[in-house]
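If you want the building blocks of each chain, they are given just below.
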Amino acid sequence: MNLFDVYPLFDIEIVRGQGCCVWDAAGNEYLDLYGGHAVISVGHAHPRYVAAITDQLRKLGFYSNSVFNSLQQQLADRLGRVSGYDDYALFLINTGAEANENAIKLASFHNGKRRVVSFRCSFHGRTTAAVRVTDNPAIIAPVNEGMPVTFLSFDDPALVEDEFRKGDVSSLIIEGIQGVGGIRLPSDDFLRSLRELCTRYDVCLIVDEIQSGYGRSGRFFAHQWAGLRPDIITVAKGIANGFPMGAVLISPMFKPVHGMLGTTFGGNHLACAAAIAVLDIIAEERLVENAGRVGGYLMQELATLPGVKEVRGRGLMIGIEMEEPVKDIRRRLLFEQRVFTGVAGAHTIRLLPPLCLSEAEAEETIRRLRNVIA
Ligand SMILES: Cc1ncc(COP(=O)(O)O)c(C=O)c1O
């Protein structure tokens, strides 16, 4: 049987990782400024993380959501404390798309409305509702087209209010920082006006922190830079450092009803053990502060490199927009300088390293980038 060929692949197999480095099958070492697409939060093969999963696996890997699982409550307690959302409730699933799918559904259950407002260049996943609110017609199949959605531009609250006035908008979904769209930040003022408009027009405010959350921006959630509280927050990626997990943080205004949401695998014992270890490591190693500090240094240095048009982002979520297309730069970074990076569009390199990236590793990244673009 062949694999269904949907991914354009680099001809490299990564077989081992440690901290912010990975090694290929031939033994070459790479600096990981991509984090497996923003997934590796506390670093590859962190000993405490490995021990937590191994210990849990020896006891119990999985049992169903029909019985009490105290690990879920331990995770909720820690997440509430570290994120500042102690009064919210937690629903656990397996991926980012599922988190957004459930968020959109929950909003519609709550206010009985159907339409969703989303934004140009957004990416929210590939399941039915999540892909429908994603601004990329190429990945929307005819079967996904049912739910009414309106796409707007950032930073124009009047346009949002025009849509809300029509009375049929159930939720508005926005990324804390747009990732796939090229590391684009909604302004803090715009986010605050969305909060105010959503409250005024009974629209649920969903902030997708799947890529920008879990400390990556230098705050636990990127929207916390603007000082607002969404009704629903979605997370995944870094939550369990590579173990598949997603979550929805739900404000107290939503009332749960048995059977309203559900999942087989979500919140399983192994995923919870991984996610609890991640939060403990984030707190003990002060990784949110580290992301802010090292990210600030990186952004400052990147802006001085030749050929750089603009550096956007916060913390360790950085977009480097180059004057020239970046395909060749990324290829040379990978094969000559041994640095993994991400991309957005033709001109923007995306940096999404583990949150434990050290200043020395950031300096080394700049040195290798300079070798390629000087
Ligand atoms: C902002 C955002 N939302 C949702 C998703 C979808 O997450 P998943 O691939 O885990 O379904 C992604 C994935 O890249 C993302 O970046």
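Residues numbered from 1 in each chain as written. Predicted model: local features only at pLDDT ≥ 70, side-chain atom pairs only at ≥ 80, totals over all residues.

**Structural notes on the packing of helix α2 (residues 47-59) against helix α8 (residues 269-284)**
Link 1 in the chain: One way to put it is that α2 packs onto α8 with a least axis distance of 9 Å and a crossing angle of 155°. Overall, the two elements α2 and α8 adopt an arrangement that is roughly antiparallel. For α2 against α8, the interelement crossing comes out right-handed. Of the residues in α8, those in contact with Arg48, Tyr49, Ala52, Ile53, Gln56 and Leu57 of α2 are His269, Leu270, Ala273, Ala274, Ile276, Ala277, Val278, Asp280 and Ile281. (Axes fitted to C-alpha atoms, helices over the stretch in contact; angles between N-to-C directions. Helix = DSSP H or I, 4+ residues; strand = E, 2+ residues; numbered from the N terminus. Parallel < 35°, antiparallel > 145°, perpendicular 65-115°, else oblique. Left-handed = near helix turned anticlockwise from the far one by under 90°. Contact = placed C-beta atoms within 7 Å.)

**Remarks on the nonpolar core**
Burial of nonpolar side chains together is a common tendency in soluble globular proteins.
Link 1 in the chain: Residues Leu172, Ile206, Ile232, Ala247, Ala274, Ala275 and Val278 are the most contacted members of the largest nonpolar core, which totals 106 residues.
Link 2 in the chain: A total of 12 residues in this core trace back to one element, the largest contributor, which is α8.
Link 3 in the chain: When near neighbours in sequence (up to four residues on either side) are disregarded, Ala275 contacts Leu75, Ile239, Ala240 and Met245. (Core = buried A, V, L, I, M, F, W, Y, C linked by C-beta atoms within 7 Å. Buried ≥ 20, exposed ≤ 12 C-beta atoms within 10 Å, placed from the backbone.)

**Points about the environment of Met1**
Link 1 in the chain: Mapping Met1 onto the fold places it in the segment before β1 (14-18).
Link 2 in the chain: Overall, Met1 belongs to the exposed group, with 3 C-beta atoms counted inside 10 Å.
Link 3 in the chain: In the structure, Met1 is positioned 94 residues away from Thr95 in sequence and 26 Å away in space, judged by C-alpha atoms.

**Considerations on helix α4 (residues 96-111)**
Link 1 in the chain: The terminal C-alpha atoms of α4 lie 23 Å apart, and with 16 residues this matches the ideal 22 Å at 1.5 Å per residue to within 8%.
Link 2 in the chain: Among all positions of α4, only Gly96, Ala97, Glu98, Ala99, Asn100, Glu101, Asn102, Ala103, Ile104, Leu106 and Ala107 are buried. (Expected span 1.5 Å × (residues − 1).)

**Comments concerning the environment of Ile282**
Link 1 in the chain: Here Ile282 shows up in helix α8.
Link 2 in the chain: For the pair formed by Ile282 and Gly215, sequence separation is 67 residues and the distance between their alpha carbons is 8.2 Å.
Link 3 in the chain: Sequence-distant contacts of Ile282, defined by excluding residues within four places in its chain, comprise Ser41, Val42, Val82, Gly215, Leu287 and Val288.

**Focus on the sheet that holds strand β12 (residues 317-322)**
Link 1 in the chain: Ordered in space as β11-β12-β15-β14, the 4 strands form an open sheet in which the pairing is antiparallel. Strands at the two margins of the open sheet, each flanked by one partner only, are β11 (308-314) and β14 (342-344). Strand-to-strand twist of the sheet, defined as the mean angle between neighbouring strand axes without regard to direction, takes the value 25°.
Link 2 in the chain: Both β11 and β12 contribute to a ladder of 6 bridges, which runs antiparallel. Paired with Val308 across the two strands is Met322, which belongs to β12. (Pairing = 2+ DSSP bridges.)

**A word on the site of the ligand**
Link 1 in the chain: Neighbouring the ligand are 14 residues, the closest being Thr95, Gly96, Ala97, Gly125 and Ile210.
Link 2 in the chain: Broken down by class, the residue content of the shell around the ligand amounts to 5 nonpolar, 7 polar and 2 charged. (Near = placed C-beta within 6 Å. Nonpolar A, V, L, I, M, F, W, Y, C, P; charged D, E, K, R; others polar.)

**Brief notes about the packing of helix α9 (residues 287-302) against helix α11 (residues 359-373)**
Link 1 in the chain: Between α9 and α11, whose axes approach to 10 Å, the crossing angle comes to 20°. It follows that α9 is roughly parallel to α11 by the angle criterion. You can see that α9 and α11 cross each other, and the crossing is right-handed. Contacts between α9 and α11 involve Val294, Tyr297, Leu298 and Glu301 from the former and Glu359, Ala362 and Ile366 from the latter.
Link 2 in the chain: In the contact of α9 with α11, the residues fall into 5 nonpolar, no polar and 2 charged.

**Notes on unusual backbone geometry**
Link 1 in the chain: In this model, Ala45 sits at a positive phi of 50°, which is unusual for a non-glycine residue.
Link 2 in the chain: Its 16 C-beta neighbours within 10 Å are what place Ala45 among the partly exposed residues.
Link 3 in the chain: Phi angles above zero are rare outside glycine, and Asn241 is one such case at about 55°.
Link 4 in the chain: Relative to the elements of secondary structure, Asn241 occurs in the loop between β9 (232-235) and β10 (246-250).

**A word on the domain arrangement of the chain**
Link 1 in the chain: You can read the domains of the chain as domain 1 (20-42 + 286-373) and domain 2 (48-284).
Link 2 in the chain: Using C-alpha coordinates to define each centre, domain 1 is positioned 26 Å away from domain 2.
Link 3 in the chain: Listed by partner, the interface residues are 24 residues for domain 1 and 27 residues for domain 2.
Link 4 in the chain: Looking at the side of domain 1 that touches domain 2, the elements that each hand over two or more residues are α1 (35-38), α9, β11, β12 and β15 (348-351). (Domains from an automatic or database assignment.)

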